[in-house]
Amino acid sequence: MKYLFAPNTMSESGEVYVLKSLLEKEEVACVIRNEHLFIAVGELSPQECLPALWIFNDADYPKALELIEAWRSSQAETLSQWVCPDCGETIEGQFSSCWQCGKQRYET
Ligand SMILES: [Zn+2]
């Protein structure tokens, strides 16, 4: 068993399930751990309750990482452009902050 991936926030936890099916399609045996701990939220910090993706066979690790990287870059490409609310610059979707003034995309 080897730890592979966990989302940073609860709202990204859906990614774990997407990646699991992606890996299984490539015949990388994997499992999601922690998912049942959702019940225990309140006693544990939310971070500890996030689902995490583990692979069974350590030898699959490089392949699994590659798949995740490929998936992430394909996700980034599909992100749409956004307009900075501060300076009005149009920013490519893969950037999370404005190159002109440094404003974070999701700051309000
Ligand atoms: Zn800006």
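Structure: above.
As the structure is a prediction and not an experimental result, all values here were calculated from the model.

## Quick notes on the coordination of the zinc ion
- Protein-derived coordination of the zinc ion comes from Cys84 (SG), Cys87 (SG), Cys98 (SG) and Cys101 (SG), at a distance range of 2.3 Å.
- Geometry at the zinc ion is tetrahedral, judged from its four donor atoms and the angles of 103 to 120° they form at the metal.
- Along the chain, the residues donating to the zinc ion are arranged with the sequence spacing C-x2-C-x10-C-x2-C. In this pair, Cys84 sits in the loop between β4 (82-83) and β5 (90-91) while Cys98 sits in the segment after β5, placing the two residues 14 residues apart along the sequence.

## Overview of the environment of Cys98
- Under the relative-accessibility criterion, Cys98 is labelled buried at 3%.
- C-alpha separation for the pair Cys98 and Cys84, spaced 14 residues apart in sequence, amounts to 6.4 Å.
- Cys98 has contacts with Trp82, Cys84, Cys87, Glu89, Ile91 and Lys103, leaving out every residue within four places of it along the chain.

## Quick notes on the layout of surface pockets
- Each pocket or cavity is described by its volume, and for the second largest pocket that value is around 170 Å³.
- Around the second largest pocket sit Phe5, Ala6, Pro7, Asn8, Thr9, Glu12, Glu15, Trp71, Arg72 and Gln75, which together line it.
- Considering each element in turn, the lining of the second largest pocket owes the most residues, three residues, to helix α3 (residues 61-78).
- Each residue belonging to the lining of the second largest pocket can be placed in one class, and the counts come to four nonpolar, three polar and three charged.

## Examining the packing of aromatic side chains
- Applying the stated rule across the entire model yields one aromatic pair.
- Plain terms: the ring middles of Tyr3 and Trp54 are 5.8 Å apart, the flat faces sit at 75° to each other, and that makes the pair edge-to-face. Placement of Tyr3 in strand β1 (residues 2-5) and of Trp54 in strand β3 (residues 52-55) is noted, with a sequence separation of 51 residues between them.
- We note Lys2 situated over the ring of Tyr61; from NZ or CZ to the ring centre the distance is 4.5 Å.
- Over the ring of Trp54 we find Arg33; its NZ or CZ atom is 4.5 Å from the centre of that ring.

## A look at the nonpolar core
- Formed by 14 residues in total, the largest nonpolar core has its most connected members in Leu4, Phe5, Leu23, Leu53 and Ile55.
- Every element with two or more residues in this core is listed here: β1, α1 (14-25), β2 (30-33), β3 and α3.
- Of all the elements, α3 adds the most residues to this core, at four residues.
- In contact with Leu4, not counting residues within four places along its chain, are Leu23, Leu53, Trp54, Ile55, Tyr61, Ala64, Leu65 and Ile68.

## Comments concerning the pattern of salt bridges
- Evaluated as defined, the whole model comprises two salt bridges.
- Put simply, Glu24 and Lys20 hold a salt bridge, and the shortest N to O gap is 2.9 Å. Here Lys20 and Glu24 lie together in helix α1, a separation of four residues that amounts to about one turn.
- Overall, the relative accessible area of 41% leaves Glu24 in the partly exposed class.

Calculation notes
Residues numbered from 1 in each chain as written. Predicted model: local features only at pLDDT ≥ 70, side-chain atom pairs only at ≥ 80, totals over all residues. Heavy atoms only, no water. Donors = N, O, S within 2.8 Å, 3.2 Å for Na, K, Ca; no water. Tetrahedral: all angles 85-135°; square planar, octahedral: opposite > 155°, others 65-115°. Helix = DSSP H or I, 4+ residues; strand = E, 2+ residues; numbered from the N terminus. Buried < 20%, exposed > 50% of the residue type's maximum accessible area, 1.4 Å probe, protein only. Contact = heavy atoms within 4.5 Å. 1 Å grid on protein atoms, 1.4 Å probe; cavity = no way out; pocket = protein on both sides within 12 Å on 5 of 7 lines; lining within 4 Å. Points joined across faces, edges and corners; volume = space filled by probe spheres on them. Nonpolar A, V, L, I, M, F, W, Y, C, P; charged D, E, K, R; others polar. Phe/Tyr/Trp six-rings, centres within 6.5 Å; stacked < 30°, edge-to-face > 60°. Lys NZ or Arg CZ within 6 Å of the ring centre and 35° of its normal. Core = buried A, V, L, I, M, F, W, Y, C linked by side-chain atoms within 4.5 Å. Salt bridge = Lys/Arg side-chain N within 4 Å of Asp/Glu carboxyl O.

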